[in-house]
Amino acid sequence: MSNAAGAVSSVPLVSAAATGDIAAFIRKCGLDAEPVFLEAGLDVRISTDPYQMIELSKFTHLLKAAQDATHCATIGLNVGGRQDPARWGAFGYLVLNSPTLGDALRNVVAHATIWQTGTHFAFRQTKEEIGVEYAITHPSVANREQDAEFSIAYVKNIVDRLIERSATPTDVFFEHSAIADIDAYEKVFGVRPLFNQPTNAIYFPRLYENRRVAFADLHLFPVIKRHLMDMAASVPGSDSLEGNIVYHIRQFLPRGMATLENVAAAMGLQSRTMQRRLRQTGMSFTDLLDRVRYETATHHLTETTMSISEIAYLLGYCDTSAFIKSFKKQAGKTPSRFREWQRLESGGRAESSG
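Residues numbered from 1 in each chain as written. Predicted model: local features only at pLDDT ≥ 70, side-chain atom pairs only at ≥ 80, totals over all residues. Heavy atoms only, no water.

Trainee: What exactly am I supposed to notice about helix H3 (residues 56–70) here?
Mentor: Residues lying three or four places apart along an α-helix face the same way, a consequence of the helix completing one turn every 3.6 residues. Helix length check: H3, at 15 residues, gives a terminal C-alpha distance of 21 Å against a target of 21 Å (1.5 Å per residue), a fit within 8%. Just downstream of H3, His-71 is the residue with a positive phi angle, here 55 degrees. (Helix = DSSP H or I, 4+ residues; strand = E, 2+ residues; numbered from the N terminus. Expected span 1.5 Å × (residues − 1).)

Trainee: Hey, could you run me through unusual backbone geometry in this one?
Mentor: It is generally the case that most residues other than glycine have a negative phi and that most peptide bonds are trans. With a phi close to 55 degrees, His-71 is a non-glycine residue in the positive phi region. Classification of His-71 by relative accessible area gives exposed; the value is 74%. You will see that Asn-196, though not glycine, has its phi angle at about 60 degrees, which is positive. Examined against the element boundaries, Asn-196 turns out to sit in the loop between helix H8 (182–189) and strand S6 (200–205). (Buried < 20%, exposed > 50% of the residue type's maximum accessible area, 1.4 Å probe, protein only.)

Trainee: Just checking my understanding: could you explain the packing of aromatic side chains for this structure?
Mentor: By the definition in use, this model includes 13 aromatic pairs. On the numbers, 6.1 Å between centres and 50 degrees between planes, the contact of Phe-174 with Tyr-185 is tilted. Note that Phe-174 is positioned in the loop between strand S5 (171–173) and H8 and Tyr-185 in helix H8, a separation of 11 residues in sequence. Neither Phe-174 nor Tyr-185 differs from the other in exposure class; each is buried. The structure contains a cluster of three or more aromatic residues connected by ring pairs, namely Tyr-294, Tyr-317, Phe-323, Phe-327, Phe-338 and Trp-341. Positioned above the aromatic ring of Tyr-317, the side-chain terminus of Arg-293 is 4.0 Å from the ring centre. (Phe/Tyr/Trp six-rings, centres within 6.5 Å; stacked < 30°, edge-to-face > 60°. Lys NZ or Arg CZ within 6 Å of the ring centre and 35° of its normal.)

Trainee: Help me out: how do you make sense of the sheet that holds strand S3 (residues 119–125) in this one?
Mentor: Two modes of strand pairing occur in sheets, parallel and antiparallel, and in both the strands are linked by backbone hydrogen bonds. Across the sheet, which stays open at both edges, the 4 strands sit in the order S3-S4-S6-S5 with antiparallel pairing between neighbours. The open sheet terminates on both sides in strands that have one partner only, identified here as S3 and S5. Averaged over neighbouring strand pairs, the angle between their axes works out to 10 degrees when direction is ignored. The sheet contact formed by strand S4 (residues 129–136) and S6 spans 6 bridges and is antiparallel. Residue Tyr-134 lies in a different strand from S6, and its bridge partner there is Asn-200. Packed on one face of the sheet, helix H6 (residues 101–110) meets S3 and S4 and runs near 155 degrees to S3. Strands S4, S5 and S6 of the sheet are contacted by helix H7 (residues 144–163), whose axis makes an angle of about 20 degrees with S6. (Pairing = 2+ DSSP bridges. Axes fitted to C-alpha atoms, helices over the stretch in contact; angles between N-to-C directions. Contact = heavy atoms within 4.5 Å.)

Trainee: Please explain the pairing of S4 as it appears in this structure.
Mentor: Looking down a regular strand, the side chains alternate between one sheet face and the other. Counting buried positions along S4 yields 8 of 8 residues, so the element is predominantly enclosed. The side-chain alternation of S4 yields two buried faces, one formed by Glu-129, Gly-131, Glu-133 and Ala-135 and the other by Ile-130, Val-132, Tyr-134 and Ile-136. Bridging between S3 and S4 involves 7 bridges; their strand directions are antiparallel. Counted as the bridge partner of Gln-125 is Ile-130 from S4. From the end of S3 to the start of S4, which pair antiparallel, there are 3 residues.

Trainee: Would you mind showing me how to read the nonpolar core here?
Mentor: Nonpolar side chains in soluble globular proteins generally cluster together in the buried interior. Ile-22, Phe-37, Phe-59, Phe-174, Phe-189 and Tyr-208 are the most contacted members of the largest nonpolar core, which totals 66 residues. Here the element with the most residues in this core is H7; it accounts for 10 residues. Those residues in contact with Ile-22 that sit more than four places away from it in its chain are Phe-59, Leu-62, Leu-63, Ala-66 and Val-79. Leu-260, Met-283, Met-306 and Leu-314 belong to the second largest nonpolar core, which has 33 residues in total. (Core = buried A, V, L, I, M, F, W, Y, C linked by side-chain atoms within 4.5 Å.)

Here it is, written out as structure tokens:
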């Protein structure tokens, strides 16, 4: 992940999408959300920007400030239980379109770093249970209690949505002592949690593992999963401006929003500032966008069986014909011809090596 200056940072981050329901909850209590956000060092406008990343420590501070402002000890439970996974971009869509509940929980764990860093996620299963463990591990993050309750309630919310009814966990664990009346926890989870445990976790009956997700789009699922794998592989390993811009371009591509303005905003830069810095290195944003699209396209045409329309979607083109026209301009071949040529080349190399 990158910090506001566009350099790689060890500061743990979380998607700003997590703050949207906090702002809504504060307003529902008849209060102005802006000063509560300011107390946490945040601009309330980020609550409407699902593509921003904010410091995890500021998010946990925000939850504590919201608790104090609203005098609601159950704010983490309430807000986490209402989060809409679809608002979490590609990560949320992957979870919602997983074939089974077990797949969904495994995807929560496998791709969690796309929307939050500095934390421990683990999928657990026994002969009788499946579950998710969660804990903040970065030492710089304080005010963890509300975040833990937010996150465990969010997992419960995901399970409820996927099986289309309220699911009763077998066990719920929290690292901290109870911060609300015990009946409030039982109302949310259907069971009484155990507190002062080694980690935060929620478990469900093992029979849920192979429960099919009735509304899952099994055609969209592999497309989104490939995109998340591309994103994870593209996390920049240096403090170069180019590496961080490329990383953010990959994040925005499938949404068709890989624009100079959006990428600059995600990096905490003005568009003109980013343009100027790129010119100093002899590059332009359009050059980088074209390069990322071309490299991603050639990878999938060569290494996968994804259809041309699926690749066009991943690259953020408005339609397949626009992708074909752009690719032909760069490669001198249409995507279909390029794929055929690569297969012939591969076959020839295999024969000569044999």
